[in-house]
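# Coordinate analysis (summary)
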There are 2 protein chains.
Amino acid sequence: MDPYILRCEPCRQTFDPDTHLYNCPHCSGNLDVLYDYQDLARRLRPNRITESPDGSIWRYSPLLPVDPPPGGGTPLHHVGWTPLYELPALAIRAGRSRLLVKDDGRNPTASFKDRASAVVVAHALSVGIRTIATASSGNAGAALAGMAAAAGLEAVIFVPKTAPPAKVAQLLVFGARVFLVDGTYDDAFDLTLEAAEAYGWYCRNTGYNPYTLEGKKTGALEIWEQAPGSFRPDAPPLNIFVSVGDGNIIAGIHKGFKDLLLLGWIDHIPRLYGVQAEGSAAVAEAYRDGRSEIRPVAARTLADSICVDLPRDGLRALRAATETGGAYVTVTDEEILAAIADLGSAGVFAEPAGAAAFAGLKAAVREGLVKDEDDVLVFNTGNGLKDIAAAQRAVAPAPVIEPTLQALQRILPQHVEMDNR
Amino acid sequence: MDPYILRCEPCRQTFDPDTHLYNCPHCSGNLDVLYDYQDLARRLRPNRITESPDGSIWRYSPLLPVDPPPGGGTPLHHVGWTPLYELPALAIRAGRSRLLVKDDGRNPTASFKDRASAVVVAHALSVGIRTIATASSGNAGAALAGMAAAAGLEAVIFVPKTAPPAKVAQLLVFGARVFLVDGTYDDAFDLTLEAAEAYGWYCRNTGYNPYTLEGKKTGALEIWEQAPGSFRPDAPPLNIFVSVGDGNIIAGIHKGFKDLLLLGWIDHIPRLYGVQAEGSAAVAEAYRDGRSEIRPVAARTLADSICVDLPRDGLRALRAATETGGAYVTVTDEEILAAIADLGSAGVFAEPAGAAAFAGLKAAVREGLVKDEDDVLVFNTGNGLKDIAAAQRAVAPAPVIEPTLQALQRILPQHVEMDNR
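Residues numbered from 1 in each chain as written. Chains lettered and ligands numbered in written order. Predicted model: local features only at pLDDT ≥ 70, side-chain atom pairs only at ≥ 80, totals over all residues.

## Examining the overall build of chain A
The helix and strand inventory of chain A stands at 16 helices and 14 strands. Over its C-alpha trace chain A gives a radius of gyration of 21 Å, about what one expects of a compact globule, namely 22 Å for 421 residues. Dimensions of chain A, computed from C-alpha atoms along their principal axes, come out at roughly 75 × 50 × 45 Å. A buried classification covers 62% of the 421 residues belonging to chain A. (Helix = DSSP H or I, 4+ residues; strand = E, 2+ residues; numbered from the N terminus. Rg over C-alpha atoms; globule rule 2.2 N^0.38 Å. Buried ≥ 20, exposed ≤ 12 C-beta atoms within 10 Å, placed from the backbone.)

## Examining the confidence of the model for chain A
Taken as a whole, chain A shows an average pLDDT of 95; of its residues, 98% reach a score of 70 or greater. Predicted complex metrics record ipTM = 0.95 and pTM = 0.96. (pLDDT = per-residue confidence, 0-100.)

## Here's the deal with the sheet that holds strand 10 (residues 238-243) of chain B
Residue and element names in this part refer to chain B. If you trace the six strands from one edge of the open sheet to the other, you get 4-5-13-10-11-12, paired in mixed fashion. The open sheet has two edge strands, strand 4 (84-86) and strand 12 (327-331), and neither has a second partner. Strand after strand, the sheet turns through a mean of 25° between neighbouring axes, direction not considered. When strand 11 (residues 271-277) meets strand 12, the two strands line up parallel, connected through five bridges. Directly across from Q276, in strand 12, lies its bridge partner T330. (Pairing = 2+ DSSP bridges. Axes fitted to C-alpha atoms, helices over the stretch in contact; angles between N-to-C directions.)

## Comments concerning the sheet that holds strand 6 (residues 131-135) of chain B
Taken in spatial order, the five strands make up an open sheet running 14(A)-8(B)-7(B)-6(B)-9(B), and their pairing is parallel. Each end of this open sheet is capped by a strand with a single partner; those strands are strand 14 (400-401) of chain A together with strand 9 (202-203) of chain B. Bridge analysis of strand 6 of chain B against strand 9 of chain B gives two bridges, and the strand direction is parallel. The residue of strand 9 of chain B that forms the bridge with A133 of chain B is C203 of chain B. On the sheet, helix 5 (residues 139-151) of chain B packs against strand 6 and strand 7 (154-160) of chain B and is oriented at approximately 170° with respect to strand 7 of chain B. (Contact = placed C-beta atoms within 7 Å.)

## Details of the relation of the copies chain B and chain A
Overlaying chain B on chain A yields an RMSD of 0.0 Å, the required transformation being a rotation through 180° with an accompanying axial translation of 0.0 Å. Both copies are brought into coincidence by an operation consistent with a two-fold rotation axis. A share of 100% of the interface residues of chain B reappears at the interface of chain A, consistent with the copies meeting face to face through the same patch. (Least-squares fit on C-alpha atoms with pLDDT ≥ 70 in both.)

## Side note on helix 14 (residues 352-366) of chain A
Residues and elements named next belong to chain A. When the terminal C-alpha atoms of helix 14 are compared, their 20 Å separation across 15 residues agrees well with the 21 Å that a helix rising 1.5 Å per residue should span. Counted residue by residue, helix 14 has 13 buried out of 15 residues, so it is predominantly covered. Following helix 14 by one or two positions, G368 adopts a phi angle in the positive range, close to 75°. (Expected span 1.5 Å × (residues − 1).)

## Description of the interface of chain B and chain A
At the interface, 77 residues of chain B touch 77 residues of chain A. Split by residue class, the side of chain B that touches chain A holds 45 nonpolar, 19 polar and 13 charged. Bridge count between strand 14 of chain A and strand 8 (residues 177-181) of chain B: two bridges; the pairing is parallel. Its bridge partner being in strand 8 of chain B, V400 of chain A is matched across the sheet by L180 of chain B. (Nonpolar A, V, L, I, M, F, W, Y, C, P; charged D, E, K, R; others polar.)

## So, the nonpolar core
Ranked by size, the top nonpolar core spans 288 residues in total, and within it A356 of chain A together with A356 of chain B carry the most contacts. Apart from the residues within four sequence positions on either side, A356 of chain A is in contact with S243, V275, A277, A303, I306, V331, I336 and A339 of chain A. (Core = buried A, V, L, I, M, F, W, Y, C linked by C-beta atoms within 7 Å.)

## Here's the deal with unusual backbone geometry
Residue and element names in this part refer to chain A. One non-glycine residue, R12, adopts positive backbone phi at about 65°. Looking at the secondary structure, you find R12 in the loop between strand 1 (4-8) and strand 2 (14-15). Of note in this structure, A110 is not a glycine but carries a positive phi near 75°. Looking at where A110 falls in the secondary structure, it is placed in the loop between strand 5 (100-103) and helix 4 (114-127).

Quick look at the structure:
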């Protein structure tokens, strides 16, 4: 772990991390963790990371604001370093010659959010905090509950009572204290802030706690290592598609690439595309209107992980696209369901928010936003097992048959290979 | 890939793998894949494997009957090499000082079965097969569907209509042709054999296709690499707990260790403990009665993955325990549910069949089968997200509250740290 300061993104005021925990007290802006990049670049060579035997986010500890957690054998030590797939058949479905998919459904609690919660939990361990609270639409809570359980800490989770049952069951199995809030994610968010202050808990809320972004930036650091060809000077531009709810994931990926640029380890940042559900598009609307102010919406989409009225990290999420030459696109729920089946046909089972990124790629190709020669990468942020109800809507049901060959032959008179790939 | 023969385990007759596909035509016994171990040991040094940069089962390709699938970037290339956790808090719950958990819920389709299906799919690719069928209680089918999708092959899956909805949804999302059989797993098994013959499909059925065992043995090979201390001559005995349904997993783990022994890379095999649900205990009953013949039962347990009337690999499963100094234990459904919560409290979310292994460890400790100084390892064979209904039964439901601090304070007058670890 290297020394760092916290700096407010909108108003640029700086804070000492030893005395300051959350958002900017002046403008409520989100804080960035900033290192002395020149000094760090002098002392640190990239091969110290790229040759690390550690197959987790802790390979990046020289670039994180926390030390790796003590010990070495729990799920907390096995977050990240998820596979980067190259899927030719899926590329065709998206009208591309080549397609990369980064599969964060393979994290310990089956979503990208483990990256953020691992760093927050490691920070809590390092300063002796015992209880961490968070609001969550499901995945962030499961990640906090799982990582806290692995570390022997206590988690308190506030989720909208509409969260998918799989996500709530996961929280409870991890031993978290769970409250189902009769309201939206945003109601749960505000209640968590109040409760954390009243009970003296450490608050992990996304877009409020500055360490979540540092955890999430590891997604970018892994792409840098796993797709080295895309960072050569003569490489075709890499276009990365990420679904956007509160905006903290795309902002985290942007932060990771910004760190690499400031270290001089890359000479350009890939184009970042934010994908929002049509019914939950606060950031996409600001992008479309050329506004830098994010206005809340009455969010409604089946992709619960990105169903957010007021994106808590909207400004940084917007800049992730505008500062990298990317864009924002919106997709319908029907397009998200189709994308679940698309990814599944290549062996990747994504939850709706994860599939939305692939739907966004298809939309961007349709709209001519991505050139033929460009490379594309879709970030799957969660496992499809998290939301079975959505998966069931994405496919036709299977027939029930008596266990006899005759019953089968009535449905399938002769075998014709399916033309589905 | 090395040359090999197929040999029937009960009657010892040998077969040429180029002309023979399935079980022994004489005694219906399961076939083992056997190499020329002396020759292999002369040509192959363990460090060719232990220094492999490949983080998947394909690091073991010199010990597999198939070549790695072509290409390198799909879920099929990212099976196995799952983490081995060391969980101190969970060790205490089992009355142990140290506890290892191998988490196969982190495979691409979230179960151990990916290991078997990957090898079967790689074999199909190498000989030009386009369609593979299997019977499944859920996981094997999902694994075949996912691996086939990744490889661009077609999968036909027969599952009992009682399979958990999550598992069926997963099959369908992967684009498999799915039939819900109005009967038991055993009915689905027999129908698959008939259908494969009638339609000319390649049959992956567990305990029938000899390659599933070779895929499953990679679980043992990984333990050998990930827990090297347990294979030193002076190490305390390692006791491995595996849940047993059709028996192919524990037989596969046994096979992996037998291969290592024949290569001279280890000098003893860990003790293998089979864990069965009390209501589905055909192998455990044979063990208890000292029989080598497996009699079918009318299976009934909430752990659907190990709910099997007639274990298709029962004989080899029995021998995995008797030949290694292990044993069989049975656990109740209530003990399985408690084990889901136990594992969850350490950050590992297991499906019932996976949690059964931990329940079995607790039973074995209670029965004095494991000495204090012995090492123990529990194999979690599936992710808890596969069966949310069971998880919900393992925990108390969360309260619903209005989104106000007052509503929270009515339930939680003051914060007292939970004493749950």
